[in-house]
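Chain by chain, the residues:
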Amino acid sequence: MKQTGSQHKLNGILEKADQEGRLEREEIVFLLGLTQKSQIDAVFETAGGLRYRYFGNRVFLYGFIYVSTFCRNQCNFCFYRSANALSERYRREAADILEAAQSLAESGVHLIDLTLGEDPLYFQEQGFEPFIQLVKALHQTTGLPIMVSPGVVPADVLSDFVRAGVSWYACYQETHNQDLFTRLRPGQSYAARIENKELACKLGLLTEEGLLCGVGESAQDIAASIEAMRLLDVSQMRAMTFVPQNGTPMQSWERPNPLRELLTIAVLRLSFPNRLIPATLDVAGLTGLQSRLEAGANVVTSLVPPGFGLAGVAQNSLDIADARRTTAGILPELDKLGMQSASTEDYLAWYVDRRRQIRCGLSREKIAC
Ligand code: SF4
């Protein structure tokens, strides 16, 4: 049967991606604009194949601890923006965090993500020393790699993180369209976020970048973000659908089409076959896991230990109290998909290899160094 022009073009792009050729902006835009189910499925299938090439049927699991929900900023999309009177604030004690982290470690996660808003306690009052001591203790107690997501911190604090044993620095730009960034994160510096990721990378931390889907970005913007991530040499890239939040300027925003996030995950996998791409539980909970993994994700993020009163981010309570956002909650789902949790050694091997690639100025090339 004769192929349509669109099908012919799709086949060419997917073949190129499968051979790990770099996709052009226009090709990424084309993929993000697909609407036919059979064509979208073909994109997911190629992305899934690339994930399998590098990671087999194994996924990594990340525990999530929201340390402080206080924040000095006013991001228009965020439930925890400082002006939101509906947001419940807490700042957890170190002992509680250590206990929650221990519970996550015992459940079999591969990493612990410590997230906080730009809490004035750290940024203006006490400084970061208490948090750095907490990170040290947590690293020693659990033996797990630590990711920190503290916002845009001073350069010396990034160096302190390295000394405290932190492995990852996450700092989400949300978009690389600077006008849109300013609308989403009013009063914040686009350049400062980028520069912090560059510095973190130079200091030896792996970095995570994040995109928010359905906030007015175009397919061109996502293609530009992929180029920006390549330049930043980020090691993990997250796409996440915007969830309108009560009490914020974007509370009445139309709920975005979930397909945008899934196609973005797939395009990220086609662009960065050997990197880590999250399937977040923070948008649709456990029910959203399968579609994200099928789109090419290989890390289940936002596992929250129940019983500690800890919050999520976009979904601050979904699936937490009933323990569905836990290792035990997701393992049966992985099993149904023919997937399983990776071993700690798998994670460490990926981490060591990725550090080597960055040190040697490589991206995905397998050159001995
Ligand atoms: S996204 Fe982060 S920096 Fe922005 S208001 Fe929310 S917690 Fe604060």
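Provided above is the structure to which this section pertains.
Residues numbered from 1 in each chain as written. Predicted model: local features only at pLDDT ≥ 70, side-chain atom pairs only at ≥ 80, totals over all residues. Heavy atoms only, no water.

The next subject is the site of the ligand. Every residue near the ligand is listed here: Tyr-66, Cys-71, Asn-73, Cys-75, Phe-77, Cys-78, Arg-81, Gly-117 and Arg-185. Of the pockets mapped on this structure, the ligand occupies the largest cavity. (Near = heavy atom within 4 Å. 1 Å grid on protein atoms, 1.4 Å probe; cavity = no way out; pocket = protein on both sides within 12 Å on 5 of 7 lines; lining within 4 Å. Sits in = over half its atoms within 2 Å of the grid points.)

What follows deals with the packing of aromatic side chains. For any pair of aromatic rings, the description consists of the separation of the ring centres together with the inter-plane angle of the planes. One pass over the structure, following the stated rule, counts 15 aromatic pairs. On the numbers, 5.1 Å between centres and 80° between planes, the contact of Phe-123 with Phe-128 is edge-to-face. Judged by its relative accessible area of 18%, Phe-123 falls in the buried class. For the pair Trp-168 and Trp-350, a centre-to-centre distance of 6.1 Å together with 5° between the ring planes defines the contact as stacked. Within this pair, whereas Trp-168 is found in strand β4 (residues 168–170), its partner Trp-350 is found in helix α14 (residues 344–359), the two being separated by 182 residues in sequence. For Trp-350, a relative accessible area of 11% translates into the label buried. Cluster of aromatic residues (ring-pair linked, three or more members): Phe-55, Phe-60, Tyr-62, Trp-168, Tyr-347 and Trp-350. The ring of Tyr-90 has Arg-92 lying over it, and the distance from NZ or CZ to the ring centre is 5.5 Å. (Phe/Tyr/Trp six-rings, centres within 6.5 Å; stacked < 30°, edge-to-face > 60°. Buried < 20%, exposed > 50% of the residue type's maximum accessible area, 1.4 Å probe, protein only. Helix = DSSP H or I, 4+ residues; strand = E, 2+ residues; numbered from the N terminus. Lys NZ or Arg CZ within 6 Å of the ring centre and 35° of its normal.)

Under the definition given, this model contains 2 cavities of 30 Å³ or more. Computed from the structure, the largest cavity encloses a volume of approximately 730 Å³. Taken together, 44 residues line the largest cavity, and the ones lying closest to its centre are Thr-115, Tyr-172, Glu-174, Arg-238 and Val-313. Among the secondary structure elements, those contributing two or more residues to the lining of the largest cavity are β1 (58–68), β2 (111–116), β3 (146–149), β5 (206–213), β6 (236–241), β7 (278–280) and β8 (299–303). Tallied by class, residues from the lining of the largest cavity come to 22 nonpolar, 12 polar and 10 charged. Considered as a void within the structure, the second largest cavity measures approximately 50 Å³ in volume. Lining the second largest cavity, in full, are Glu-174, Thr-175, Leu-211, Leu-212, Cys-213, Glu-217, Asp-221, Ile-222 and Ser-225. At the level of elements, β5 and α10 (219–232) are the ones that each hand at least two residues to the lining of the second largest cavity. (Points joined across faces, edges and corners; volume = space filled by probe spheres on them. Nonpolar A, V, L, I, M, F, W, Y, C, P; charged D, E, K, R; others polar.)

Here α14 spans 23 Å end to end across 16 residues, near enough to the 22 Å set by a 1.5 Å rise per residue. Buried residues in α14 make contact with α3 (37–55), β1, β2, β4, α9 (190–202) and β5. Just downstream of α14, Gly-361 is the residue with a positive phi angle, here 70°. (Expected span 1.5 Å × (residues − 1). Contact = heavy atoms within 4.5 Å.)

Attention now goes to the side chain of Ser-225. Residue placement: Ser-225 occurs in helix α10. Owing to a relative accessible area of 2%, Ser-225 belongs among the buried residues under this scheme. Of note is the side chain of Ser-225, whose polar atom sits 2.7 Å from the side chain of His-176. Every residue in contact with Ser-225, bar those within four places of it in the chain, is listed here: Thr-175, His-176 and Leu-211. (Polar contact = N/O pair within 3.5 Å; in protein donor to acceptor, adjacent residues only side chain to side chain.)

Here we come to the layout of surface pockets. If you add up the space inside the largest pocket, you get close to 230 Å³. Every residue lining the largest pocket is counted, 13 residues in all, and those nearest its centre are Tyr-54, Phe-55, Phe-60, Asp-346 and Trp-350. Within the residue set of the lining of the largest pocket, elements represented by two or more residues are α3, β1 and α14. Here the element with the most residues in the lining of the largest pocket is α14; it accounts for 6 residues. Its volume calculated, the second largest pocket comes out at about 160 Å³. Along the wall of the second largest pocket there are 13 residues; nearest its centre are Thr-241, Pro-258, Val-283, Ala-284 and Arg-292. Elements with a contribution of two residues or more to the lining of the second largest pocket: α11 (258–271) and α12 (289–294). For the lining of the second largest pocket, a count of residues per class yields 7 nonpolar, 4 polar and 2 charged.

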